[in-house]
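Here is how the chains run, residue by residue.
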Amino acid sequence: MKIAICASEGAPYAKSGGLGDVMEALPSALARIAGNEVVLFLPYYHKIKTNAAYMVERVAEIRVQLGWRQQYCGIMKLTNRNDGVQVYFLDNDYYFGARTGAIYGDMDDGERFAFFSRGCLDAMIALNFIPEIIQCNDWQTACIPIYLKAMYHGAFYKTRCMYTIHNIEYQGWANGNFFDDILGLPWEYRSTLDMSNSVNVMKGAIETADLVTTVSETYARELMYPYYAHGLDSVLAGNAWKLTGITNGIDVNTFNPETDPALPAHYNSETFVEGKAAVKAALQKEVGLPVKPDVPLMVMVTRLAGHKGLDLLCYIARRLMWEEDAQLLILGTGEAQYESFFRDLSNQFPDQVSAQITFNLGLAARIYAGGDIYLMPSKSEPCGLSQMNAMRYGTVPVVHATGGLKDTVPPCDAEGKGGLGFTFQSYNADDFFASLKRCLGLYNHNREAFRALQKRDMEQDFSWNRSAGEYLKIYAAVTGRVDFSGVASAAWIGLPVKMENTVFSLIGNCDANLLVTAIIAIMPIAFATMIEHIGDICAISSTVGANFIADPGLHRTLLGDGLATSIASLFGAPANTTYGENTGVL
């Protein structure tokens, strides 16, 4: 499959947050799957342009139309990357190459990334690379699905576009003049981008993309509620039929307790008891805590910001230190109020609390490995990586059941069975305290069960290979490459599988459940086509009709007696065939 991925950052070239990590790992994981051709487009920032480690050649020059103006764009091909991903940088000194500061935060960011978005499409045409799927990421590339539908459909008539929301808080707002002066879109698209008498490019992307994804399944559902959606809840709810979530992975080669060079001792899921004990002792000594092997060490590596749940930790911290013989280690920088609080807390409890108000990747790795319990009480978390990093090193997470935390940390009971960590449902300090007490109780009173939980955590597959496989299934669905015979039925209900000619040539020799799932999934888009080609369905497989008639799971709750009977009759069922109660098959 030909895949184009467009993003405003990607490690190691340019990174300001989690998006950069995703754009480093996901393209590589996709490229490792046989049959994929993956191209990554990034801006040619000053820090990339001046880094001699990146060998590039100019392969084309184009002019990008931006409102009334045309801007130069150089297409720079990276020549020294060998993981199967072809990287192209889009060069323009005015927007990217001559700016030496942070990659975001300029007053004309909207114009800069509108240029980049349209430049990506123009570059694909210039390179004669017409992908089957374009994946865009966050507001900086939100104009791509809009341009694709409004002005580039002729060149990309077989291309589908997937828009991924990593952080919905930043949506790409601009005043009304931005629509004409910068975007230069046809006037009929004004309402698509209009929100509160302003332009919101993320809204436009949600409306025009063929598929909208987020970075976890639970977060996709949460975004349809005002509490999480930052004003876009009604827009997302209206497009729920094409909204889904895929949980991110982590770099299991970097975060590897067997090889991590930052650790004083190495271990795996079979030797972690001795290995973690050695790392814990060295860590306690490094951060100034008493070396006590049997005292539980609770750790947190985080940006010190309110939405990370630090208000809950501040509320219970002193009570926790008074009631429990435990240690707390915090690493991170951020808001002054939290930096001051944890410094004061470490002064008040010098033998129990250490506050490392700094940024140190090596220390972070040792904290993941040396801790016993990892705290992550985030108010909201689209995906979250730290909880997976912690489990990779055998540190048990205690998390708020929201977003990706809920998807990656199923709750275990008080005996440590049935899950991967301890969770709390409602965002309040007492519930957080109670879940933490359950975890501490398991550590203090049933060490064998706690170690079994640690071992289970370490054996989980959080790699990007798993996530890339899920992305490829989604790509196949939205481009019409679905092999329904190998896909779980429920996963595809509601996906916008657009079939211009005959949708049912994809179904093949599938069973009855998957056939009906396919019919239901495409009904909002191609009901007329379905009726037109119902005869083709009958001809595809002689076994389908018999399975359909025999399957009691096709009940009136899904299709209604009348429609179910009508479809069955096409396959030769008696006219009086009816379907009974729900058997839970679909």
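Residues numbered from 1 in each chain as written. Predicted model: local features only at pLDDT ≥ 70, side-chain atom pairs only at ≥ 80, totals over all residues. Heavy atoms only, no water.

Details of the environment of A220
Along the polypeptide, A220 turns up in helix α9 (residues 217-222). Residues A220 and T244, spaced 24 residues apart in sequence, show a C-alpha to C-alpha distance of 5.8 Å. Dropping the residues within four chain positions of it, A220 is found in contact with T214, L243, T244 and G245. (Helix = DSSP H or I, 4+ residues; strand = E, 2+ residues; numbered from the N terminus. Contact = heavy atoms within 4.5 Å.)

Focus on helix α14 (residues 336-348)
An ideal rise of 1.5 Å per residue puts 18 Å on 13 residues; α14 measures up with 18 Å between its terminal C-alpha atoms. Taken together, the buried positions of α14 are Y338, E339, F341, F342, L345 and S346. For α14, the arc enclosing every buried residue in end-on projection is 165°, short of the 170-degree limit, so these residues lie on one face. Away from the buried face of α14 by more than 90 degrees, exposed residues A336, Q337 and N347 are located. Looking at the buried positions of α14, the neighbouring elements they touch are α13 (310-323), β14 (327-331) and β15 (353-356). (Expected span 1.5 Å × (residues − 1). Buried < 20%, exposed > 50% of the residue type's maximum accessible area, 1.4 Å probe, protein only. Arc of directions from axis to C-beta.)

Some thoughts on the environment of Q65
By secondary structure assignment, the location of Q65 is in strand β3 (residues 56-66). Given a relative accessible area of 26%, Q65 falls into the partly exposed group. When near neighbours in sequence (up to four residues on either side) are disregarded, Q65 contacts Q70 and R118. Within the local environment of Q65, its side chain forms a polar contact with the backbone oxygen of R69, the two atoms lying 3.4 Å apart. (Polar contact = N/O pair within 3.5 Å; in protein donor to acceptor, adjacent residues only side chain to side chain.)

Considering the environment of G309
Within the fold, G309 resides in the loop between β13 (297-301) and α13. Taking the C-alpha atoms as reference points, G309 and M376, 67 residues apart in sequence, are found 7.3 Å from one another. The residues touching G309, leaving out its near neighbours within four places in the chain, are P377, S378, K379 and Y427.

Structural notes on the sheet that holds β13
Spatial strand order, β15-β14-β13-β16-β17-β18: 6 strands in an open sheet with parallel pairing. The open sheet terminates on both sides in strands that have one partner only, identified here as β15 and β18 (422-424). Put simply, the sheet's adjacent strands are angled 15° from each other on average, direction ignored. As paired strands, β14 and β15 are joined by 4 bridges and run parallel to one another. Bridge pairing in β15 links L329 to S354. Taken strand by strand, α13 contacts β13, β14, β15, β16 (373-376) and β18, and its axis lies near 160° from that of β13. Along the sheet, helix α18 (residues 429-445) makes contact with β13, β16, β17 (396-400) and β18, crossing β18 at roughly 165°. (Pairing = 2+ DSSP bridges. Axes fitted to C-alpha atoms, helices over the stretch in contact; angles between N-to-C directions.)

Focus: α18
Within an α-helix, residues lying three or four positions from one another point in the same direction, as the helix has 3.6 residues per turn. Helix length check: α18 (17 residues) gives 24 Å between terminal C-alpha atoms against 24 Å at 1.5 Å per residue, within 8%. Within the sequence span of α18, burial applies to A429, F432, F433, S435, L436, C439, L440, L442 and Y443. Looking at where α18 begins, the residue whose side-chain oxygen comes 3.1 Å from the main-chain nitrogen of D430 is N428.

Quick look at the pairing of β17
Within β17, 5 of the 5 residues are buried, which leaves it mostly tucked inside the rest of the structure. Alternating residues of β17 divide into V396, V398 and H400 and P397 and V399, and every residue in both groups is buried. In terms of strand pairing, β16 meets β17 through 4 bridges, oriented parallel. Looking at the pairing, M376 lines up with V399 of β17. Pairing analysis gives 3 bridges linking β17 to β18, with the strands arranged parallel. When the sheet's bridge partners are listed, H400 is paired in β18 with F424.

Description of the packing of α13 against α14
With their axes 11 Å apart at the nearest point, α13 and α14 run at an angle of 5° to one another. One way to sum up the angle between α13 and α14 is to call them roughly parallel. Across the interface between the two elements, L310, D311, L313, C314, A317, R318 and W322 from α13 touch Y338, F341, F342, L345 and Q348 from α14. Residue composition of the contact of α13 with α14, by class: 9 nonpolar, 1 polar and 2 charged. (Parallel < 35°, antiparallel > 145°, perpendicular 65-115°, else oblique. Nonpolar A, V, L, I, M, F, W, Y, C, P; charged D, E, K, R; others polar.)

A few points about the sheet that holds strand β12 (residues 243-245)
Reading across from one edge, β3-β4-β5-β2-β1-β6-β7-β11-β12 is the order of the 9 strands in this open sheet, with mixed pairing throughout. Each edge of the open sheet is held by one strand with a lone partner, namely β3 and β12. Each strand axis lies, on average, 25° off the axis of its neighbour in the sheet, ignoring direction. Bridge analysis of strand β1 (residues 2-6) against strand β2 (residues 37-43) gives 5 bridges, and the strand direction is parallel. When the sheet's bridge partners are listed, A4 is paired in β2 with V39. Where helix α4 (residues 109-126) meets the sheet, its contacts fall on β1, β2, β3, β4 (69-78), β5 (85-91) and β6 (133-137), and the angle it forms with β3 comes to roughly 115°. Helix-sheet contacts for helix α8 (residues 201-208) involve β7 (160-165) and β11 (211-214), and the interaxial angle to β7 is about 135°.

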